[in-house]
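# Close look at the chain arrangement
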2 protein chains.
Amino acid sequence: MTSADTLSTIFAALSDPTRRSILGRLATGELGVTELAAPYAMSLPAITKHLKVLEKAGLIRRGRSAQWRPCQLEAKALKPADDWISAYRKHWEETFDRLDEYLLEIQKDAAKGKKHGKGK
Amino acid sequence: MTSADTLSTIFAALSDPTRRSILGRLATGELGVTELAAPYAMSLPAITKHLKVLEKAGLIRRGRSAQWRPCQLEAKALKPADDWISAYRKHWEETFDRLDEYLLEIQKDAAKGKKHGKGK
DNA sequence: CTTTTATTTAACCTTTTGGTTAAATAAAAG
DNA sequence: CTTTTATTTAACCAAAAGGTTAAATAAAAG
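This structure is a prediction, so every number in the text was calculated from the model and none was measured.

## A look at the side chain of A:T18
- Mapped onto the fold, A:T18 is located in helix α2 (residues 17–26).
- Sequence-distant contacts of A:T18, defined by excluding residues within four places in its chain, comprise A:Y40, A:M42, A:I47 and A:H50.

Next comes the structure, spelled out in structure tokens:
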């Protein structure tokens, strides 16, 4: 059991387009596995596996209602990922640090007369 | 050339702790490959591979200065990931939406007379 | 030129990932 | 009970990921 750290598990779960799509669909409300699987060109067991990955990452919660196992979005599990990325937000918003500062400087020189715009 | 979509490539790049650590160290400034590799218990070729993954995701940029190939953080490449997650932020901040509200309601009701649910 | 320093490429190996089909299980319905 | 519906598990497979060591390349230094 190679229990990876939380952040790795979350980012890995998000690195698959099918899984991101599933989360997107669940944002509108609960869905069962078969309903969830419908739009994708893959077998049900494949979806079951994706759901397991999402569940292990804490991104969905699963209920039970008769033979259905409805999936529910657990958006707060995204918070660690959001927090991690947040630490870098200033880097692409401000752009002021170290030699970036210098780069911006010569950029401004080149763009004399232009309004202040961040980034590109 | 399996060209995966941008978001998948970014999240996949972030799903490895060594790569996240590398990005963290680069936030302080440029570093060469050998310097970058120093703290990790792995070979230089392994680091080269990680850098390639980061570069393909656009998260770092590489320069050249004599025999050194300095790495620079390209934080703005995180924006698509940040934007994607942002769409879910309200879900964990508000907590009250749609049927979540209802579900929380019946959960409270059920908890009134009931003890703990069955485990696994 | 030869050597040293920095980094990459090649070849290889093991584990994980993402998918498959066939069979198993769970609960409702007939 | 038997069948149907919903979902999972098992067994398998190919490709990708993450690492290794040994050899190759690039540029500076002697």
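## Observations concerning the interface of chain B and chain A
- On the side of chain A, 35 residues touch chain B, which itself brings 36 residues to the contact.
- Carbon and sulfur atoms make up 67% of the area that chain B and chain A hide from each other, which totals about 2900 Å².
- By the criterion of area lost to chain A, the three top residues of chain B are B:R20, B:Y88 and B:W92, representing 21% of everything that side buries.
- Applying the counting rule to chain B against chain A returns four salt bridges.

## Details of the pattern of salt bridges
- Enumeration over the complete set of coordinates arrives at 12 salt bridges over all chains.
- Among the salt bridges present, the one from B:D5 reaches A:R20, with a minimum N-O distance of 2.5 Å. Residue B:D5 is found in the segment before α1 (6–14), and its partner A:R20 is found in helix α2; the two belong to separate chains.
- In this structure A:R20 comes out as buried when scored by relative accessible area, which is 7%.
- The salt bridge involving B:D82 is made with B:R89; its shortest N-O contact spans 3.6 Å.
- A residue is classified by how much of its surface remains accessible, and B:D82, at 6% relative accessible area, is buried.

## What to know about the protein's contact with DNA strand D
- Within the structure, DNA strand D sits among 25 residues, and A:T34, A:K52, B:S43, B:K49 and B:H50 are positioned closest to it.
- Each atom of DNA strand D within 4 Å of the protein belongs either to a base or to sugar and phosphate, the latter forming 74%.
- Contact distances for DNA strand D include 2.9 Å between a phosphate oxygen and a side-chain N or O atom of A:T48.
- Contacts to DNA strand D include B:R19, whose side-chain N or O atom sits 3.0 Å from a phosphate oxygen.
- Where the surface near DNA strand D is concerned, the elements lending two or more residues are α3 (33–37) and α4 (44–56) of chain A together with α4 (44–56) of chain B.
- For the surface near DNA strand D, the per-class residue count stands at eight nonpolar, eight polar and nine charged.

## Examining unusual backbone geometry
- If you check the backbone angles, A:A66 has positive phi at about 60 degrees while not being a glycine.
- Residue position: A:A66 is located in the loop between β1 (60–62) and β2 (71–73).

Rules of the game
- Residues numbered from 1 in each chain as written.
- Chains lettered and ligands numbered in written order.
- Predicted model: local features only at pLDDT ≥ 70, side-chain atom pairs only at ≥ 80, totals over all residues.
- Heavy atoms only, no water.
- Helix = DSSP H or I, 4+ residues; strand = E, 2+ residues; numbered from the N terminus.
- Contact = heavy atoms within 4.5 Å.
- Buried area = accessible area lost by both parts, 1.4 Å probe.
- Salt bridge = Lys/Arg side-chain N within 4 Å of Asp/Glu carboxyl O.
- Buried < 20%, exposed > 50% of the residue type's maximum accessible area, 1.4 Å probe, protein only.
- Near = heavy atom within 4 Å.
- Polar contact = N/O pair within 3.5 Å; in protein donor to acceptor, adjacent residues only side chain to side chain.
- Nonpolar A, V, L, I, M, F, W, Y, C, P; charged D, E, K, R; others polar.

Honestly, that's just the spatial picture; any functional story needs more than this.
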